[in-house]
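Each chain, written out:
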Amino acid sequence: MPTLKFAVLPGDYIGPEVMTEALRVLEHVAAKENLALSYRIADVGGAGIDNHGKALPDSTLEVCRESDAILFGSVGGPKWESLPPKEQPERAALLPLRKAFNLFANIRPGLLYKDLVDASPLKAARIPDGIDIVCIRELTGGIYFGQPKTTTTLENGEQQAIDTMVYKTSEIERIAEVAAVTARARGKRVCSVDKANVLETSVLWRKTVTAYFAKNHPDLALTHMYVDNAAMQLARDPNQFDVLFTENMFGDILSDEMAVICGSLGMMSSASLGTGLNSFGKPFGLYEPAGGTAPDIAGKGIANPCAQVLSAALMLRYSFGLDALAARIEAAVRKVVTVDGVRTGDIAFGRPSVGTKAMADAIVAAL
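Just so you know, these numbers come straight off a predicted model, no measurement behind them.

Let us look at the overall build of the protein chain. A tally of regular secondary structure across the protein chain gives 11 helices and 12 strands. Relative to its length of 367 residues, the protein chain is compact, with a C-alpha radius of gyration of 20 Å against a globular reference of 21 Å. Counting only residues that meet the buried cut, the protein chain has 52% of its 367 residues in that class. The contacts in the protein chain between residues at least 6 apart in sequence include a share of 74% that link residues at least 24 apart. Just so you have it, the protein chain exposes about 15800 Å², and 54% of that area is on carbon and sulfur atoms. Taking the average location of the 37 positive side-chain charges in the protein chain and that of its 42 negative ones, the two points are 4 Å from each other.

Another point: empty space enclosed by the protein. Scanning the entire structure with this criterion turns up 1 cavity of 30 Å³ or more. As for the largest cavity, its lining consists of Leu 111, Leu 112, Tyr 113, Leu 116, Ala 119, Cys 262, Gly 263, Ser 264, Met 267 and Ile 347.

Within a beta sheet, neighbouring strands are joined by backbone hydrogen bonds and run either parallel or antiparallel to one another. Pairing within the open sheet is mixed, and its 10 strands lie in the order 2-1-3-12-11-4-5-10-8-9. Looking along the sheet, the strands with just one partner apiece sit at the ends: strand 2 (36-41) and strand 9 (221-226). Averaged over all pairs of adjacent strands, the angle between their axes in this sheet comes to 20 degrees, without regard to strand direction. In the packing of helix 1 (residues 15-32) onto the sheet, the strands contacted are strand 1 (3-11), strand 2 and strand 3 (70-74), and the crossing angle to strand 1 comes to about 165 degrees. The strands that helix 7 (residues 227-236) touches are strand 5 (131-138), strand 8 (189-194) and strand 9; relative to strand 9, the one it contacts most, it runs at about 105 degrees.

A word on the pattern of salt bridges. Applying the stated criterion across every chain, the model contains 19 salt bridges. A salt bridge links Lys 114 to Asp 129; the nearest nitrogen and oxygen atoms lie 3.9 Å apart. Taken together, the positions of Lys 114 in the loop between strand 4 (103-112) and strand 5 and Asp 129 in the loop between strand 4 and strand 5 put the pair 15 residues apart, joining distant regions of the chain. Residue classification places Asp 129 among the exposed residues on the basis of a relative accessible area of 59%. Counted as one network, the salt bridges with shared partners bring together Glu 21, Arg 24, Lys 357 and Asp 361.

Reading the values: rules and limits
One numbering rule holds for all chains: residues counted from 1, following each sequence as written. In keeping with the predicted nature of the model, local features appear solely for residues at pLDDT of at least 70, side-chain atom pairs appear and are counted solely at 80 or more, and the whole-chain, interface and lining totals rest on all residues. Hydrogens and waters are ignored; side-chain quantities use all the structure's heavy atoms. Runs of E in the DSSP output that reach at least two residues are strands. Runs of H or I that reach at least four are helices, and both are numbered from the N terminus. When we talk radius of gyration, it's over C-alpha atoms, and the globule rule is simply 2.2 Å times the number of residues to the 0.38. Relative accessibility decides the category of a residue: with a 1.4 Å probe and only protein chains considered, values under 20% of the type maximum give buried, values over 50% give exposed, and everything between is partly exposed. A contact between two residues is defined here by any heavy atoms of the two lying within 4.5 Å. Note on areas: these come from Shrake-Rupley sampling with a 1.4 Å probe, and a residue is covered only by the protein chains present in the view. Lys and Arg are tallied as positive, Asp and Glu as negative. Neither His nor the chain termini are counted. To locate a charge, take atom NZ for lysine, CZ for arginine, CG for aspartate or CD for glutamate. Cavities and pockets were defined on a 1 Å grid built from protein atoms only: a cavity is a group of points that admits a 1.4 Å probe but offers it no way out, a pocket is an open group of points flanked by protein on both sides within 12 Å along at least five of seven lines, and a lining residue is one with an atom within 4 Å of any such point. Grid points are joined across faces, edges and corners, and a volume is the space filled by probe spheres set on the points. Here, a strand pair is defined by DSSP locating no fewer than two bridges between the strands. Think of each axis as a best-fit line through the C-alpha atoms, taken over the contacting stretch in the case of a helix, with angles from 0 to 180 degrees between the N-to-C directions. Note on definitions: salt bridges are taken to be side-chain nitrogens of Lys or Arg within 4 Å of carboxyl oxygens of Asp or Glu.

So, in structure tokens, the structure goes:
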């Protein structure tokens, strides 16, 4: 009986609520497939600060190191906003985790079911069949991590801040490979997004990507687009893309724009893959919903658990090689929402809505 060993970091506010339901779905499919789950729950984010004095406690990091993957909730909220920026849950938990496990590739599916087009701010006529694209973001390079990164006071008393955008060929090639593999399993179309008409790093990015695809993936259709145009095209006609990939800051912005046009964040999952392999010989990864902690609805039992459930499905696919099982979970979520019409409040649009547990009950029943 294969044992799936992973760390569970529920996080804050609605994080533990939706994580409980995602684990219930995983336990259900594991029992049916004769798989053993071995997971340890640890504090992170605000919970880490409250219980251990910092957002990423040493004990939590050790639990992650002893696992094959991390199933992550959401962190942060108003309770900790008065802390210095470097100590706040988002920055003090996620960035160190990305660094510790070299989580260089963020994969975020942009999926909007046809039945949920009303959730999108785009006109239904622009997306009559919904949206089905993938945004891949380089996660450990660029301006967020480049050095020097300083704030100094000039002789005239002004303050000056410097952030440095840095990329190496090897960093560009490895994210290009993730995009290529993703595209090969879909429509075999890739759009690389940069700002090569202005930035030196983007000039290198475009040159490297072009050469890499020509050598390693000549059968895939590769196009290039400037980031400002890509932002406009996402809002105009998102389905012109299949897989788009880009550097860290551009990806941060574009993936959030994609999340908005796809409607509720309660349906948006993501995977962050590392350079290292786990005991299954698969990428060590961190899997989390794209949305936040939603303090306004925490404790009410009404949060949408689908993004956390779909993130768990991505964990099965990428870190444990259980693609068929992941696809079954994804199909169950789709059936519950579109065919059965079971909806939480964020996707109900005036129809009757159910709570967090009832939504998970429906997914389990569909499995």
